[in-house]
Amino acid sequence: MDLILRNARLPDGQQGVDIGIRGDRIVAVQPALDATATEVIDVAGRLVSPPFVDAHFHMDATLSLGLPRLNESGTLLEGIALWGELKPDLTVEAIAKRAMAYCDMAVAQGLLSIRSHVDVCDDRLLAVDALLDVKQRVAPYLDLQLVAFPQDGLLRSPTAKRNLVRALDAGVDVVGGIPHFERTMADGAESIRWLCELAAERGLRVDMHCDESDDPLSRHIETLAAETVRTGLQGRVTGSHLTSMHSMDNYYVSKLLPLIAEAGVHAIANPLINITLQGRHDTYPKRRGMTRVPELMDAGVNVAFGHDCVMDPWYGMGSGDMLEVASMGLHVAQMTSATGVQRAFDAVTVNAARVLGLDDYGIAPGRRADLVVLQAADPFEAIRLKATRLAVIRSGKVIASTPEKQTALRLPGRPDHVSLEFTPGSLA
Ligand SMILES: [Zn+2]
């Protein structure tokens, strides 16, 4: 074999597992693998996970923080206005340069698949050209899936329909939308119908920004689920954000959850962004604004967490660390039980892979050898520590590595070094 990882712990709790890799494929996952390899890495019982997957991102805006100015209010609407101010000055080169820089950060963080929305409301489609180029350049090490996103509204922006079709013709993968940003509820519903029909005709997936608002009467997710069934798109449609569900009446939600589940619509929460952008019209109590994650999961809906933004007009923080996203998600949703934490880890790995439709994903023989070795014992500790990515492996090759984190201590009578890793119960 070419590479063997010895003594790994897998996210499902299996311990002492060896992972054998030949070429770009995983060929064995078993204890005490009797084989030799060109390279052997002893991971010493630490967690080996399939790579992180970001199901919702905006790569055309990332790393543009401060251009042309900062978002003073911190609101979604000022962010959209600021993006509008930046658009005339955008160039293909500048967008591509920032996107490439972000992809480097992502790789360093073990984030090897990203679904990015790309704004198609600029008639020049510069961002589409830039990101299609980036998609090709990063393909050997990062899967970039693009969504044609009519940021200013499909019906509200006069050339959005035409531009969206042009973007799909050029090779953008997924049909996007933003029904709550249309002028009326009726226009929102009309945009969903038009977009689902377009996706069905072309055999594409759908991912709409849907109900990103604190308005409990923003119910476009209901229409999206119904249109998914009508157009036969079950399993291929995603509702992103769904923050209005946070504020909806419980009785209505009890009817809505089974509808979403039956339609096979995936849900994406963006915890870092939802907790900062929603609740802005509230005094106190202030709503958290994230969708009902555990309730959606209990209803059988596939839920992923997205990063959404990193250093752009909407959000100045972030670093491509999906463990930070998972951590915020579990805090906001109060998913602090052992099961809840495991579900939060799934939301930035397997669940997100399901949203993107990544068939080759996971630690099993025959799958592509994409793996992350973490400085943590298990998913719980990985999230708690935002664990160091000791090694990031793509197609069987180590493409990024970070030294183990350890701090030298200079305290009399205490050990020389301290790590933040800790086995529960070990000091009983
Ligand atoms: Zn978004």
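In this text, all values refer to a predicted model and were calculated from it rather than measured experimentally.

Asks: Account for the overall build of the chain, naming residues and giving values.
Replies: Looking only at helices and strands, the chain has 14 helices and 18 strands in total. In terms of C-alpha radius of gyration, the chain reaches 22 Å, essentially the compact-globule figure of 22 Å for 428 residues. Seen through its C-alpha atoms, the chain measures out along the principal axes to roughly 65 × 45 × 45 Å. Out of the 428 residues belonging to the chain, those deemed buried represent 55%. Taking all contacts inside the chain whose residues are at least 6 apart in sequence as the whole, residues at least 24 apart take part in 75%. Here the chain displays about 17500 Å² of accessible surface, and carbon together with sulfur accounts for 53% of that area. Measuring between centres, the 42 positive side-chain charges of the chain sit 1 Å from its 54 negative side-chain charges.

Asks: So what's going on with the coordination of the zinc ion? Which residues, and what values?
Replies: Donor atoms from the polypeptide that coordinate the zinc ion comprise His56 (NE2), His58 (NE2), His209 (NE2) and Asp308 (OD), at 2.1 to 2.6 Å from the metal. Considering all 4 donor atoms around the zinc ion, angles at the metal cover 85 to 179° and the coordination shape is irregular. In the primary structure, the donors to the zinc ion are separated according to the pattern H-x1-H-x150-H-x98-D. Taken as a pair, His209 in strand β10 (residues 205–210) and Asp308 in the loop between β13 (303–305) and α11 (322–332) lie far apart in primary sequence, 99 residues in all. Of the two residues, His209 and Asp308, neither departs from the other in class, the shared state being buried.

Asks: Got a sec to walk through the pairing of strand β9 (residues 174–177)? Specific residues and values, please.
Replies: Along β9, one buried face is formed by Val174 and Gly176 and the opposite face, lined by Val175 and Gly177, is buried too. Here strand β8 (residues 143–149) runs beside β9; their pairing, made up of 2 bridges, is parallel. The residue of β9 that forms the bridge with Val147 is Val174. With 4 bridges connecting them, β9 and β10 associate as parallel partners. Pairing of Val175 across the sheet is with Val206, part of β10. The parallel pair β9 and β10, bridged by helix α5 (residues 185–202), forms a crossover whose chirality is right-handed.

Asks: Please provide a residue-by-residue account of the pattern of salt bridges, values included.
Replies: In total, this model carries 26 salt bridges according to the counting rule given. One salt bridge connects Asp119 with Lys87, and the closest N-O pair in it is separated by 2.8 Å. Of this pair, Asp119 sits in strand β7 (residues 111–119) while Lys87 sits in the loop between α1 (76–86) and α2 (92–108), and the two are 32 residues apart along the sequence. Judged by its relative accessible area of 9%, Lys87 falls in the buried class. Arg368 is the salt-bridge partner of Asp143, the closest N and O atoms lying 3.0 Å from each other.

Asks: Which residues make up the packing of helix α6 (residues 220–230) against helix α8 (residues 250–262), and what values do they have?
Replies: Following both chains from N to C, one finds α6 and α8 inclined at 30°, their axes separated by 9 Å at the closest point. As far as their axial angle goes, α8 and α6 are roughly parallel. Helix-helix and strand crossings are classified by hand; for α6 and α8 the assignment is left-handed. Across from Ile221, Glu222 and Ala225 in α6, the residues of α8 making contact are Tyr252, Lys255, Leu256, Leu259 and Ile260. Per-class residue counts for the contact of α6 with α8 are 6 nonpolar, no polar and 2 charged.

Asks: I'd like a rundown of the nonpolar core, residues and numbers included.
Replies: Grouped together as the largest cluster of nonpolar side chains are 106 residues, with contacts concentrated most on Met59, Ile114, Leu164, Val172, Ile221, Val293 and Phe305. Non-local contacts of Val172, meaning those with residues more than four positions away in its chain, are made with Val118, Val128, Leu132, Leu146, Val147, Ala148 and Ala167. If you look at the next biggest cluster of nonpolar residues, it comprises 17 residues, including Leu5, Ala8, Val48 and Leu390.

Asks: A description of the sheet that holds strand β12 (residues 266–269) should follow, citing residues and the corresponding values.
Replies: Spatial strand order, β6-β7-β8-β9-β10-β11-β12-β13: 8 strands in an open sheet with parallel pairing. Here the strands that pair on one side only, and so sit at the sheet edges, are β6 (52–57) and β13. Neighbouring strand axes in the sheet, compared pairwise and without regard to direction, differ in orientation by 25° on average. Bridge count for β12 against β13 is 3 bridges, and the pairing is parallel.

Asks: Would you mind going over the sheet that holds strand β4 (residues 39–42) in detail, with residue names and values included?
Replies: Pairing in this open sheet of 4 strands is mixed, and the strands run β3-β2-β1-β4 from one edge to the other. Each end of this open sheet is capped by a strand with a single partner; those strands are β3 (25–31) and β4. Across the sheet, the axes of successive neighbouring strands diverge by a mean angle of 15°, strand direction being ignored. When strand β2 (residues 17–22) meets β3, the two strands line up antiparallel, connected through 6 bridges. Each residue of the ladder has a partner; that of Ile21, found in β3, is Ile26.

Asks: Mind laying out empty space enclosed by the protein, listing which residues take part and the relevant values?
Replies: Across all of its chains, the model carries 2 cavities of 30 Å³ or more by this definition. The computed volume of the largest cavity comes to approximately 40 Å³. Lining the largest cavity are Asp60, Trp83, Lys87, Leu90, Asp119, Asp122, Leu125, Leu126 and Ala127. For the lining of the largest cavity, the class distribution of residues is 5 nonpolar, no polar and 4 charged. Taken as a whole, the second largest cavity encloses approximately 40 Å³ of empty space. In terms of lining residues, the second largest cavity is bounded by His58, Asp60, Ala61, Trp83, Asp119, Phe149, Gln151 and Trp314. The residue inventory of the lining of the second largest cavity, partitioned by class, reads 4 nonpolar, 2 polar and 2 charged.

Thresholds, definitions, all that
- Residues numbered from 1 in each chain as written.
- Predicted model: local features only at pLDDT ≥ 70, side-chain atom pairs only at ≥ 80, totals over all residues.
- Heavy atoms only, no water.
- Helix = DSSP H or I, 4+ residues; strand = E, 2+ residues; numbered from the N terminus.
- Rg over C-alpha atoms; globule rule 2.2 N^0.38 Å.
- Buried < 20%, exposed > 50% of the residue type's maximum accessible area, 1.4 Å probe, protein only.
- Contact = heavy atoms within 4.5 Å.
- Areas by Shrake-Rupley, 256 points an atom, 1.4 Å probe, with all protein chains shown as cover.
- Lys, Arg positive; Asp, Glu negative; His and termini not counted.
- Charge placed at Lys NZ, Arg CZ, Asp CG, Glu CD.
- Donors = N, O, S within 2.8 Å, 3.2 Å for Na, K, Ca; no water.
- Tetrahedral: all angles 85-135°; square planar, octahedral: opposite > 155°, others 65-115°.
- Pairing = 2+ DSSP bridges.
- Right-handed = clockwise from strand over helix to strand, strands pointing away.
- Salt bridge = Lys/Arg side-chain N within 4 Å of Asp/Glu carboxyl O.
- Axes fitted to C-alpha atoms, helices over the stretch in contact; angles between N-to-C directions.
- Parallel < 35°, antiparallel > 145°, perpendicular 65-115°, else oblique.
- Left-handed = near helix turned anticlockwise from the far one by under 90°.
- Nonpolar A, V, L, I, M, F, W, Y, C, P; charged D, E, K, R; others polar.
- Core = buried A, V, L, I, M, F, W, Y, C linked by side-chain atoms within 4.5 Å.
- 1 Å grid on protein atoms, 1.4 Å probe; cavity = no way out; pocket = protein on both sides within 12 Å on 5 of 7 lines; lining within 4 Å.
- Points joined across faces, edges and corners; volume = space filled by probe spheres on them.

Purely geometric numbers; function is a separate question.
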